[in-house]
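Structure assessment
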Amino acid sequence: TTDLKAAFVEAIPPEMERLKLLKKEHGAAVLGQVTVEQAVGGMRGIPALLWETSLLDPEEGIRFRGYSIPELQERLPGASPGGEPLPEGMLWLLLTGQVPTAEQAHSVADMLRERSAVPAHVQQVLAALPSGTHPMTQLCTAVLALQSGSKFAAAYDQGVHKSKYWEPVYEDSMDLIAKLPGIAAAIYRNTYKGGKLVEADPKLDWAANLAHQMGYDSEGAQEMMRLYQTVHADHEGGNVSAHATHLVGSALSDPYLSYAAGMAGLAGPLHGLANQETLRWVHGVQQELGGTPTNEQLRDYVWATLKAGKVVPGFGHAVLRKTDPRYTCLRGFAQRHMPDYPLFNLVSLLYEVVPDILTQTGKVKNPWPNVDAHSGVLLQYYGITEERFYTVLFGVSRALGVLSQGIWSRTLGLPIERPKSLTIDAMLQHVGAN
Ligand code: NMX
Ligand code: MLT
């Protein structure tokens, strides 16, 4: 089939069986134990979430449905043969577990195009926000404004049977994914281009239309956007945006409410906003040291950042322990398309200098760069220079992963999430210390 919904429906019975088996035969098996340090330390490493769309290895990085990023660059269909992967193919993969054919990916593009119109009231809500409102606040606001059209919320009001939750959740998720490029582009044009919107081009795929509606029509910018939207799609279930979406969805809040919650989390500087922060920090380097600083000068700059009690944005990770393969992938794109771009050279220099220094602090568990250290350079090269907008582009992509998992969560009947919390006293009592 070339119909995503039909392919998803085919994938449901075996998955239900596997979960049933897991619960029935192995429900009492121990996945791990929880230490006091983990409970007070951001729950790092506690295996306590079911997340099907991707899985992360601390050394190797992310795999989407079992496939690494280089594997997907080879296997996922492009807009043209050999081109960068189409995010529509990633969506098919995340939802069904199968690598799509080119025909299947293009049919997803058609399906999304049909749902892409952004309602007038959402444009009005965006237009009513004070100038200077952060683009991520605008994204959350626009998504909440769309919630009035939620098919899941309406179906729940009508008393839909729980075995049918997945269907309106699927419809909401596809509607939302379809509208995000138009919403993101409207935020961009309102904020930076005097509010002059650009119509979608019915010949273009989802990511190319995002670039087009923002005002960027070069082949390079469109290919960059396809890759960008593909690699940010998912990063297993425990990161702040995925977990927030999952948590809020578990209360049966609809996909608009859950994704808006995820985006509120992505807007934090330790998470998605780090792509904005990286650019600001790199511009600070350029301003103070000029275009081609020496390693020595860079080292001093990094130490000054640390001594001021700030983080070096784009470096470190809560769970990765090596260079993020998304960083490596975007670096590969830069090597192919902009090898002599001064900003790329500066970012490459940082790769040589920063990890050593972070290691010398003796406390940073992962000194290597993450995706946010590289994504902004690509955008800058194609003229998208407004870094306060960057996290919106991350967020549009993240919809593919968190909403696909959301559809599965409602299909599998996962319950409301409600972990146990403890007071300091209760922990001390538990360990016999008071
Ligand atoms: N610069 C300075 N200090 C750092 C950095 C960094 N890049 N990374 C970690 N540390 C510090 C951290 O603040 C903590 O200090 P303290 O004990 O004084 O509180 C110490 O090193 C140990 O932290 P870790 O256990 O290594 O890291 P943790 O899991 O707590 O946090 C991040 C992970 C990603 C929040 C952290 O590495 C960071 O703040 N990085 C910079 C921001 C960033 O790039 N975030 C984007 C992550 C990817 N994404 O898109 O979400
Ligand atoms: C992400 O893509 O969500 C980030 O790398 C953060 C994380 O995985 O914790």
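Residues numbered from 1 in each chain as written. Chains lettered and ligands numbered in written order. Predicted model: local features only at pLDDT ≥ 70, side-chain atom pairs only at ≥ 80, totals over all residues.

Attention now goes to the overall build of the protein chain. The helix and strand tally for the protein chain stands at 20 helices and two strands. Here the C-alpha radius of gyration of the protein chain, 22 Å, is about what a compact globule of 434 residues would show, namely 22 Å. Evaluated residue by residue, the protein chain yields a buried proportion of 46% over its 434 residues. Within the protein chain, contacts between residues at least 6 apart in sequence are counted, and of these 74% link residues at least 24 apart. (Helix = DSSP H or I, 4+ residues; strand = E, 2+ residues; numbered from the N terminus. Rg over C-alpha atoms; globule rule 2.2 N^0.38 Å. Buried ≥ 20, exposed ≤ 12 C-beta atoms within 10 Å, placed from the backbone. Contact = placed C-beta atoms within 7 Å.)

Turning to helix α13 (residues 255-266), a few remarks are in order. An α-helical segment advances 3.6 residues per turn. Residues three or four places apart therefore align on the same side. End to end, α13 covers 16 Å across twelve residues, agreeing with the expected 16 Å (1.5 Å per residue, within 8%). Counting buried positions over the twelve residues of α13 gives eleven, a clear majority of the element. Considered for burial, the residues of α13 that qualify are Pro-255, Tyr-256, Leu-257, Ser-258, Tyr-259, Ala-260, Ala-261, Gly-262, Met-263, Gly-265 and Leu-266. Here the buried face of α13 lies against α7 (135-146), α8 (151-157), α9 (166-192), α12 (240-250) and α19 (390-411). (Expected span 1.5 Å × (residues − 1).)

Here the UniProt feature "active site" (unreviewed entry) sits at His-271, His-317 and Asp-372. Spanning 102 residues, the named residues form one tight spatial group whose C-alpha atoms are at most 10.7 Å apart. Within the secondary structure layout, His-271 lies in the loop between α13 and α14 (274-289). Beyond its immediate sequence surroundings of up to four residues, His-271 is in contact with Asn-239, Val-240, Ser-241, Gly-265 and Leu-266. In this fold, His-317 is placed in the loop between α15 (295-307) and α16 (325-337). Exposure remark for His-317: the 23 C-beta atoms within 10 Å place this residue in the buried category. Aside from chain neighbours lying at most four places away, what touches His-317 is Asp-324, Asn-366 and Asn-370. (UniProt positions renumbered as here; feature names shortened; annotations may be inferred.)

Here the focus is helix α1 (residues 4-26). Across its 23 residues, α1 extends 32 Å between first and last C-alpha, which sits within 8% of the 33 Å expected from 1.5 Å per residue. α1 sits mainly on the outside: two of its 23 residues count as buried.

A separate point is the site of ligand 1. Near ligand 1, the surroundings consist of 21 residues, among which Ala-274, Val-311, Gly-316, Ala-318 and Lys-365 are the closest. Looking at the shell around ligand 1 residue by residue, the class counts come to eleven nonpolar, seven polar and three charged. (Near = placed C-beta within 6 Å. Nonpolar A, V, L, I, M, F, W, Y, C, P; charged D, E, K, R; others polar.)

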